[in-house]
Structure formats: structure tokens, C-alpha cells
Amino acid sequence: MNKTAIYPGTFDPITYGHLDIIIRATKIFDNIIIAISKNKEKKPIFNLKERIQLTKKATLHIKNIKKVLGFNDLLANLAKTEKSNILIRGVRTIFDFDYEIKLAEINKQIYPELDSIFLLSSKEVSFISSSFVKEIAKYNGNVKPYLPKEVYTALLKKLHKKYLS
Ligand code: COA
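Report follows, based on the coordinates. Within each chain, residue numbers correspond to sequence positions counted from 1 in written order. With pLDDT at 70 or above as the cut-off, local features in this predicted model cover only qualifying residues; side-chain atom pairs require 80 or more to be listed or tallied, and sums for whole chains, interfaces and linings still use all residues. Where side-chain values are given, they derive from all heavy atoms of the structure, hydrogens and water being excluded.

Some details on the pattern of salt bridges
Oppositely charged side chains can pair when the atoms bearing their charge come close. Convention followed: Here a salt bridge means any side-chain nitrogen of Lys or Arg lying within 4 Å of a carboxyl oxygen belonging to Asp or Glu. Here a helix means four or more residues in a row that DSSP labels H or I, a strand means two or more in a row labelled E, and each is numbered from the N terminus. Only protein chains enter the calculation, and the probe is 1.4 Å; a residue is then buried if its accessible area is under 20% of its type maximum, exposed if over 50%, and partly exposed in between.
Under the counting rule described, the total for this entry stands at 8 salt bridges. Measuring nitrogen to oxygen at the nearest pair gives 2.7 Å for the salt bridge that ties Lys-134 to Asp-12. Highlighted residues: Lys-134 in helix 5 (residues 130–138) and Asp-12 in the loop between strand 1 (4–9) and helix 1 (16–28), separated in sequence by 122 residues. Here the two residues Lys-134 and Asp-12 agree in accessibility, since each one is buried.

Right, here's the structure in full:
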């Protein structure tokens, strides 16, 4: 039976930290759906359409990506719609885990068949959060090592527009 798993997040923007989890997940499951939450509360720098486009570009080379989609709904509802009962989440530290346990439990309450699978982030990329990358780039620090090429270019362009125009 084909196993499709959903990898959700805000992806503002997608980093090598996310890619690490995506690549490893594609080796475990037949198909991966990358689900990008609109997440207005987080005040993303890239709008949903831009995040979808950047994520598509950054994952073009990875096999088994079924689709990259945006959503503005409960994750559990999206999983039902997409007929998947597996969520992938990356865990970087023990602090992530505390939040993830609660999120997994809430999702299970809404959709009892839904299970969350946790992958430990690779040590080399576990410190890369999208906020850190944006903060460093804002002050002209080098974020090239943390981002796929097209994402790096788009971030510099976006920050230039935001702060210098
Ligand atoms: N390596 C390094 N960093 C990583 C990473 C990895 N493997 N995976 C995630 N991160 C970083 C992200 O860049 C992000 O950084 P930021 O906070 O600086 O932006 C941070 O970890 C958390 O990211 P993410 O995994 O994208 O989680 P999130 O909290 O932004 O999004 C959703 C969580 C989208 C899954 C959740 O909000 C959701 O399900 N929303 C829909 C509504 C819903 O159903 N809510 C639950 C019921 S109330």
C-alpha cells in the first residue's frame, strides 16, 4: 500500500534544516506532501504563494514529493482531505519535543487515525531556524550556508525591498 505522509510547517523560508527532514522522510515513505500553513499569526515575510513557489523550487530535485500545497485550515482536516494519516515533524531539541507532543495529541483528538512521526534533525542543521536566518540576513550576515540558492536570492531581494526601499 502506498504510504503518503504530510510534512507541515510555515516555511518562511524553507531552509536546509527543513530539507534534511524532507529528504530523510522521502526514504521512509512512498510520497510526501509538503503542506505550508498560511500562519498569519507568525507574520511571515514571504506570502503563502511565494513560500509555495520557493519550496517547490528548493525540492524540485527530490523524488517522491507528491505536491507542495498551501493551507489555511486545521492540519488534521487537511490530512483527512489529502487521505493521509501520517504527519512528519522534525525535532531539534527537547524543547521542541514538549510542543510537538501537545500538537500531536491535539491532532489525534481531531482525527484519531492521524499519527505523528518524529525525525531528529541532523546535528549540522538543527540550529537553523527560519527566524534566525532572517535576523542574520537583515543585518547583512552571511546566510548562504543555510539556504538553497534560489531561497537565498529571494530572501536578499525581499529584505532589500523591505528595509532599503
Ligand atoms: N531544522 C531546523 N529548523 C527547523 C526544522 C529543522 N528540521 N524544522 C522546523 N524548523 C524551524 C522553522 O524554521 C521554524 O522557525 P521559526 O519559528 O524561526 O520560523 C520553527 O522551527 C518551527 O517551524 P515549523 O516546523 O514550521 O512549525 P510552525 O510552528 O511554524 O508550524 C504548524 C506548525 C504549521 C504545523 C502548525 O502551526 C499547524 O498545524 N497549523 C495549522 C493549524 C492547526 O491545525 N493547529 C493545531 C491545532 S490548534
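What to know about a nonpolar patch on the surface
Cut-off, in case you're wondering: Patch rule: a residue counts if its relative accessible area is over 30% and it has no salt bridge; like charges are joined within 9 Å, and nonpolar side chains (Val, Leu, Ile, Met, Phe, Trp, Tyr) within 5 Å. Calculation of accessible area relied on Shrake-Rupley with a 1.4 Å probe; when residues are assessed, cover is drawn exclusively from the protein chains displayed.
A surface patch of nonpolar side chains, amounting to about 460 Å² of accessible area, comprises Ile-94, Phe-95, Phe-97 and Ile-101. Relative to the assigned elements, Ile-101 resides in helix 4 (residues 94–110).

What to know about the site of the ligand
Stated formally: Residues are labelled near a given molecule or strand when at least one of their non-hydrogen atoms is within 4 Å of it. Within 3.5 Å is the distance limit for a polar contact, defined as a pair of N or O atoms, with the added protein rule that one can donate a hydrogen and the other accept it, and that residues adjacent in sequence qualify only through two side-chain atoms.
Thr-10, Lys-42, Ile-128, Ser-130 and Ser-131 are the nearest of the 25 residues found near the ligand. Within the side chain of His-18, an N or O atom sits 3.5 Å from an oxygen atom of the ligand. Residue Ile-128 places a main-chain N or O atom 2.6 Å away from a nitrogen atom belonging to the ligand. In the complex, the protein chains occlude 81% of the 950 Å² of accessible area that the ligand would expose alone.

Regarding the side chain of Asp-96
Note the cut-off: In what follows, residue pairs with any heavy atoms lying within 4.5 Å of each other are defined as contacts.
Structurally, Asp-96 can be placed in helix 4. You can call Asp-96 buried: its relative accessible area is 13%. Those residues in contact with Asp-96 that sit more than four places away from it in its chain are Gly-90 and Val-91.

Quick notes on the pairing of strand 5 (residues 115–120)
Note the threshold: Only strands joined by at least two bridges in the DSSP assignment are considered to pair. Here, the term right-handed applies to a crossover whose path from the first strand over the helix to the second runs clockwise when the strands point away from the viewer.
By the bridge criterion, 6 bridges tie strand 4 (residues 86–91) to strand 5 in an arrangement that is parallel. Across the sheet, the residue bridging to Ile-88 is Ile-117, located in strand 5. Crossover strand 4 to strand 5 through helix 4 is right-handed.

The quantities given are spatial measurements derived from coordinates; they are silent on function.
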